[in-house]
Amino acid sequence: IVNVTSAGYTMWKGDLFADIHSCETYSGFDAYNRSKYLNLLWSLALARRLEGSGIVVNALHPGTAWTPMTQSNQLRLLPANMRLLWPVFRLLQRTGSPEKVARTSIYLASASEAANMTGQYFESRTRPKDLSPEVLEQAKQEKTWELAASLVHNAFTAVPIEAEPAVHPITT
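Nothing here was measured: the structure is a model prediction, and the numbers come from that model. (Residues numbered from 1 in each chain as written. Predicted model: local features only at pLDDT ≥ 70, side-chain atom pairs only at ≥ 80, totals over all residues. Heavy atoms only, no water.)

Peer 1: Which parts of the structure should I look at to understand the overall build of the chain?
Peer 2: Within the chain one finds 7 helices and 3 strands. Reading the chain from its N terminus to its C terminus gives the helix and strand order β-α-β-α-α-α-α-β-α-α. Buried positions account for 32% of the 172 residues belonging to the chain. Taking all contacts inside the chain whose residues are at least 6 apart in sequence as the whole, residues at least 24 apart take part in 71%. Total accessible area on the chain is roughly 11,200 Å²; 58% of this is exposed by carbon and sulfur atoms. (Helix = DSSP H or I, 4+ residues; strand = E, 2+ residues; numbered from the N terminus. Buried < 20%, exposed > 50% of the residue type's maximum accessible area, 1.4 Å probe, protein only. Contact = heavy atoms within 4.5 Å. Areas by Shrake-Rupley, 256 points an atom, 1.4 Å probe, with all protein chains shown as cover.)

Next up, the structure:
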């Protein structure tokens, strides 16, 4: 399992679990960074749950690329204190290609040497990046897992289920 997140998670400031729907205040930049932080924590919790099953889970920051999504970014989405950096952001986005940023995802999904790596975060093609103690905190990962389960369970489109499916090891 390869989850695409973002190094933007490092820019999240504040309580990850407060105002989860951004009802009190909304910033697209903050919402993005929070979602990527939660995605990383959830991925680490999933990796722990699947340990020993033969299924590996990793997360990655692919880098920046000039895609329809980045082309649609607007200066007003950035916090005021970061708007001076807008030309630098745009330059960095233009230097990447979709093919280049796909390399780490492809590596993690297909390389034999990645088959036994799990619970890692990558920003470069083949080397996991060290994560801060805050990210590695299992209690925070578990709280993220519980939040995700609650959001899915209480979603308007949720389908009622009797029990959580069990994870079974892959046999070959």
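Resuming the write-up.
Peer 1: Would you mind going over unusual backbone geometry with me for this structure?
Peer 2: A negative phi angle characterises most non-glycine residues, just as the trans form characterises most peptide bonds. Even without a glycine there, the phi angle at aspartate 19 is positive, about 50°. Mapped onto the fold, aspartate 19 is located in the loop between strand E1 (2–4) and helix H1 (28–50). In this structure, serine 22 is a non-glycine residue whose phi angle is positive, near 55°. Within the secondary structure, serine 22 is located in the loop between E1 and H1. Judged by relative accessible area, which is 17%, serine 22 ranks as buried.

Peer 1: I keep staring at the nonpolar core and nothing clicks. Help me out?
Peer 2: Within soluble globular proteins, side chains that are nonpolar generally end up buried alongside one another. Grouped together as the largest cluster of nonpolar side chains are 14 residues, with contacts concentrated most on Tyr9, Leu16, Tyr37, Leu40, Tyr121, Leu131 and Val135. The element contributing the most residues to this core is H1, with 5 residues. Each residue touching leucine 40, except ones within four places of it in the same chain, is listed here: Thr5, Tyr9, Ala59, Tyr121, Leu131 and Val135. If you look at the next biggest cluster of nonpolar residues, it comprises 7 residues, including Tyr107, Leu108, Ala111 and Phe122. (Core = buried A, V, L, I, M, F, W, Y, C linked by side-chain atoms within 4.5 Å.)

Peer 1: Looking at this model, I keep getting lost on the pattern of salt bridges. Mind explaining?
Peer 2: In a structure, side chains of opposite charge can pair up when their charged atoms sit close to one another. Across all of its chains, the model carries 3 salt bridges by this definition. In this structure, the salt-bridge partner of arginine 48 is glutamate 142, at a minimum N-O distance of 2.4 Å. With a gap of 94 residues between them, arginine 48 in helix H1 and glutamate 142 in helix H7 (residues 138–153) connect regions that are remote in the sequence. Among the ionic pairs, glutamate 142 bridges to arginine 49, the shortest N-O distance being 2.7 Å. Highlighted residues: glutamate 142 in helix H7 and arginine 49 in helix H1, separated in sequence by 93 residues. A relative accessible area of 23% means that glutamate 142 is categorised as partly exposed. Classification of arginine 49 by relative accessible area gives partly exposed; the value is 35%. A single network of salt bridges, built from pairs that share partners, joins Arg48, Arg49 and Glu142. (Salt bridge = Lys/Arg side-chain N within 4 Å of Asp/Glu carboxyl O.)

Peer 1: Please clarify how the side chain of glutamine 141 should be interpreted in this entry.
Peer 2: Mapped onto the secondary structure, glutamine 141 falls in helix H7. Setting aside chain neighbours within four positions, we find glutamine 141 in contact with Leu41, Leu44, Ala45, Arg48, Val135 and Leu136.

Peer 1: It is not clear to me how the packing of aromatic side chains should be interpreted in this structure. Could you clarify?
Peer 2: The description of an aromatic ring pair rests on the distance of the ring centres and on the angle between the ring planes. Under the criterion given, the structure shown has 3 aromatic pairs. Ring geometry for tyrosine 9 versus tyrosine 121: centroids 5.6 Å apart, planes at 85°, classification edge-to-face. With tyrosine 9 in the loop between E1 and H1 and tyrosine 121 in strand E3 (residues 120–122), this residue pair connects regions lying 112 residues apart in the sequence. Comparing tyrosine 9 with tyrosine 121, the two get one shared label, buried. A network of ring pairs unites the aromatic residues Tyr9, Tyr37 and Tyr121 as a single cluster. (Phe/Tyr/Trp six-rings, centres within 6.5 Å; stacked < 30°, edge-to-face > 60°.)

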